[in-house]
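Breakdown of the fold
Okay, here's what each chain looks like letter by letter:
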Amino acid sequence: MASDADVPADSAPHQELYPARVVLTTYPSQHGIDPIPLRWGAKTPAERGPVVVSRQQDSLGKRNAIGAGGGSYCIYRALAVAIGALGPNHRPDFRLTEPTNVIGPHPGWTDPEKIVSLDPWGHAIVEHYGDYIDRGIDVRPTIAITKAHIKLAEIDEAIRKGILACDGDIVTADGELKVVKVASEPVWHLPGVAKRFGITEATLRRALFEDTGGMYPELITRPDLKVFLPPIGGLTVYIFGDPAHIPDPTKRLTMRVHDECNGSDVFGSDICTCKPYLTYSIEECAREAQNGGVGVVVYFRKEGRALGEVTKYLVYNARKRQEGGDTAANYFKRTEFVAGVKDMRFQALMPDILHWLGVTRIDRFISMSNMKYQAIVESGIEVVERISIPEDRMPADSKVEIEAKIADGYFTTGAVPTADDLLNVKGRNWDEVAH
Ligand SMILES: [Zn+2]
C-alpha cells in the first residue's frame, strides 16, 4: 500500500502525482473495468457490497460509484494533493475510529426504496468491508458516530429560569447536554433518487452532468454505475438520550429537522426564526430524554433553502429596498425573482436519515414546514403532534418570514393571515438595518 512518503512534501510535478495518461471517463465494456457488485438494498452488507468511488490506481477499475468521497470537501482534498500536502495514494488509518454507539441495523437499511441518499452501512465499513480494504480497495466511511457534551447560552438561560433541570444524566450539573452525534455524507442511489422525485434516471443524470459543469462524465458514460456521491454538504444528527429508544414504540420521540442558516444559527441574525427554533428544539429534546423518551435534531447543510448565502443576501437586499418595504406579502416573490424558485430544499430525500435511525413514529415534531411534514408522513412515519415555536421566542424582525410562511400554507395552530394582513406585516426599514 502506498503512503504519503511516496510523494515529495514540496511541490511535486503533476506527472509524479498522477499517471501521465489522464483517464477522462470510463465505459462499461472497457478493458480493466470490472466494478465490485453493488446491490442497493440487499439483505446483508456482504450481499450489498462496499461503495467504492476512489480513482486511486488499485480501485479505478473496481469502482462502483460515480463522483467523489467527502461531499463538498473533495475539492479541498484535491487542493491538498495538488500542493503536495497530501499524497494522492493516501489511505486512512481507521484504527480506534469505530462508532461509540450501536445504531441499527433497522428495516430501512435493507429496503432499496426507503433509503436512497445515504449509505446505511457507511459507518461500519471496517466491520463489513475490512477484507476489501486489506486487498487494497479504497473503501471509505460516509457516516461517523461519536459522543460529546454541548453547552449553549440558551440552555443555560432555560436552566436559570427553571424550565430545564440539571438531572446529572441528560443535562450535567454544569448545564452541559450529553449527546450522541452522527455525521453523514451523501451517497445517492440514482434510480431511487429519480423515483423519489418522479423523474427518469436519464433526466436526473443529464441534469447532474450539465449543472456541475460536466464534472462527472460517467453520469453519462456509465449507466451501469447506479450510485453517485455528489459534491454537496451532508447532515449531522444530535441524539439526546439513548439512541436505542428511537425505534422503540414504547418510548416517546421529539424531533426537529433543521436546515442550515448560518446567519441565524451561528451569528444570531434576527431576520428569521432559525436559531430560536434550533435552541427551542434542543431544549425540548433534552426534556423528552429526561422524561424517559429520546430527542433527535437533524441538521442539514442546505443553507438559505439550499439556494446558498449569496442568493439569500441578494434577497434580503431586495426585500428591504422594494417599494412599500419588507412585507410578508412579497416575501416569497422576492426569492423567486432572484433564484427562479422559492425553495430548493426539496424535502423528498430528507426522511432517509429518519429511516436510518429507525424512526417509525414522531410524537412531537417541532416544525411549521408542511413540506417536511408531508415528506416524513409520505415515507411511512407517523407524526402525532406538530409543535411550532412559542410566540415569545420569535425575534422581532422575523415576523415577515413567519406570517408569509403561514399564509403560504405552513403549519400553524393560530390564525392564517389574509392578503391585507400580509401587507401590514413589515420588517425593519433599510435605514434601521444600516450600521
Ligand atoms: Zn434563518
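My aim in this report is to walk through the structure given alongside it, one point at a time. All residue numbers here refer to positions counted from 1 along the written sequence of the relevant chain. The model is predicted, so local features are restricted to residues of pLDDT at least 70 and side-chain atom pairs to those at 80 or more, both for listing and for counting; the totals for chains, interfaces and linings are taken over all residues. Computation of side-chain values covers all heavy atoms of the structure but excludes hydrogens and water.

**What to know about the coordination of the zinc ion**
The coordination sphere of the zinc ion contains the protein donors C261 (SG), C272 (SG) and C274 (SG), at a distance range of 2.2 Å. Here the donor residues for the zinc ion map to a single chain with the spacing C-x10-C-x1-C. Of this pair, C261 sits in the loop between β7 (253-259) and α9 (262-265) while C272 sits in the loop between α9 and α10 (274-290), and the two are 11 residues apart along the sequence. The same class applies to C261 as to C272, namely buried. Each metal site lists N, O and S donors within 2.8 Å (3.2 Å for Na, K and Ca). With water left out of the atoms, a site can look as if it is missing ligands. The way it works is that DSSP assigns letters per residue, a run of H or I at least four long becomes a helix, a run of E at least two long becomes a strand, and they are numbered from the N terminus. Between buried and exposed lies partly exposed: a residue is buried under 20% and exposed over 50% of the maximum accessible area for its type, with that area taken using a 1.4 Å probe on protein chains only.

**Side note on empty space enclosed by the protein**
For each structure, a 1 Å grid was placed over the protein atoms alone; sets of points admitting a 1.4 Å probe that cannot get out are labelled cavities, open sets with protein on both sides within 12 Å along at least five of seven lines are labelled pockets, and lining residues have an atom within 4 Å of a point. Grid points are joined across faces, edges and corners, and a volume is the space filled by probe spheres set on the points. In the structure shown here, the tally under the stated rule is 3 cavities of 30 Å³ or more. What the largest cavity holds in volume is close to 460 Å³. Those elements that provide at least two residues to the lining of the largest cavity are β7, α10, α11 (303-306), α12 (309-321), α13 (331-339) and α16 (399-407). By residue number, the principal contributor to the lining of the largest cavity is α12, which donates 5 residues. In this classification, the charged set is Asp, Glu, Lys and Arg, the nonpolar set is Ala, Val, Leu, Ile, Met, Phe, Trp, Tyr, Cys and Pro, and all remaining amino acids, among them Gly, are polar. Classifying every residue of the lining of the largest cavity gives 11 nonpolar, 6 polar and 10 charged.

**Focus: the sheet that holds strand β9 (residues 361-366)**
Whether two strands pair depends on DSSP finding at least two bridges between them. Strands sit in the order β2-β3-β6-β8-β7-β9-β10 across an open sheet of 7 strands; the sheet is mixed. At either margin of the open sheet sits one strand with a lone partner, and together these are β2 (143-150) and β10 (382-387). Strand-to-strand, the axes of this sheet are offset by a mean angle of 25°, without reference to chain direction. Bridge count between β2 and strand β3 (residues 177-184): 8 bridges; the pairing is antiparallel. Note on method: axes are straight lines fitted to C-alpha atoms, helices fitted across the in-contact stretch only, with angles between N-to-C directions ranging 0 to 180 degrees.

**Topic: the environment of V81**
Mapped onto the secondary structure, V81 falls in helix α3 (residues 74-82). Between the C-alpha atom of V81 and that of L17, which follows or precedes it by 64 residues, the distance is 7.9 Å. Ignoring sequence-local partners within four residues, the contact set of V81 consists of L17, Y18, L86, G87 and P88. Contacts were defined at the residue level, with two residues in contact if any of their heavy atoms lie within 4.5 Å.

**Notes on the sheet that holds strand β5 (residues 227-229)**
With mixed pairing, 3 strands are arranged side by side in an open sheet as β1-β5-β4. Edge strands, defined here as strands with exactly one partner in the open sheet, are β1 (65-67) and β4 (188-189). By the bridge criterion, 3 bridges tie β1 to β5 in an arrangement that is parallel. Opposite A65, over in β5, you have V227 as the bridge partner.

**So, the packing of helix α6 (residues 190-197) against helix α7 (residues 201-210)**
A pair of packed helices is captured by two measures, namely the crossing angle of their axes and the spacing between those axes. It is the contact of α6 with α7, at a shortest axis distance of 8 Å, that shows an interaxial angle of 105°. Judged on the interaxial angle alone, α7 and α6 are roughly perpendicular. Counted together, L190, P191, V193 and A194 of α6 and E201, L204, R205 and L208 of α7 form the full contact between these two elements. Of the residues that constitute the contact of α6 with α7, the class distribution is 6 nonpolar, no polar and 2 charged. Working definition: roughly parallel below 35 degrees, roughly antiparallel above 145 degrees, roughly perpendicular at 65 to 115 degrees, and oblique for all remaining angles.

**Digging into the packing of aromatic side chains**
Aromatic ring pairs are reported here in terms of the distance separating the ring centres and the angle at which the planes meet. Note on aromatic pairs: the rings of Phe, Tyr and Trp (six-membered ring only in Trp) are paired at centre separations within 6.5 Å, and the planes decide the class, stacked below 30 degrees, edge-to-face beyond 60, tilted for the rest. Per the stated rule, a full pass over the model turns up 8 aromatic pairs. Here the aromatic rings of W109 and W356 are separated by 5.5 Å at their centres, their planes lie at 5°, and the arrangement is stacked. On the criterion of sequence distance, the pair formed by W109 in the loop between α3 and α4 (125-134) and W356 in helix α14 (residues 351-357) is long-range, its members being 247 residues apart. Given a relative accessible area of 3%, W109 falls into the buried group. Residues Y129 and Y132 carry aromatic rings whose centres are separated by 6.1 Å and whose planes lie at 65° to one another, so their mutual orientation is edge-to-face. On the criterion of helical spacing, the pair formed by Y129 and Y132 is a turn pair, its members being 3 residues apart in helix α4. Residue classification places Y132 among the buried residues on the basis of a relative accessible area of 17%. Aromatic ring contacts, followed pair by pair, group W109, W121 and W356 into a single cluster. We call a charge positioned over a ring when the NZ of a Lys or the CZ of an Arg lies within 6 Å of the ring centre and within 35 degrees of the ring normal. When the ring centre of Y373 is taken as origin, the NZ or CZ atom of R386, which lies over that ring, is 3.9 Å away.

**Remarks on α12**
An ideal rise of 1.5 Å per residue puts 18 Å on 13 residues; α12 measures up with 18 Å between its terminal C-alpha atoms. All of the buried residues in α12 are T311, K312, V315, Y316, A318, R319 and K320. To estimate how far a helix should extend, the number of its residues minus one is multiplied by 1.5 Å.

**Comments concerning the pairing of strand β8 (residues 294-300)**
Counting buried residues in β8 gives 7 out of 7 residues, a clear majority hidden from the surface. Side chains V294, V296, V298 and F300 of β8 all project onto a buried face; the interleaved residues G295, V297 and Y299 project onto the opposite face, where all are buried too. Examined bridge by bridge, strand β6 (residues 235-240) and β8 share 6 bridges and lie antiparallel to one another. Paired with V237 across the two strands is V298, which belongs to β8. As defined by bridge partners, β7 adjoins β8 across 7 bridges and the pair is classed as parallel. Along β8, the bridge assignment pairs L253 with V294.

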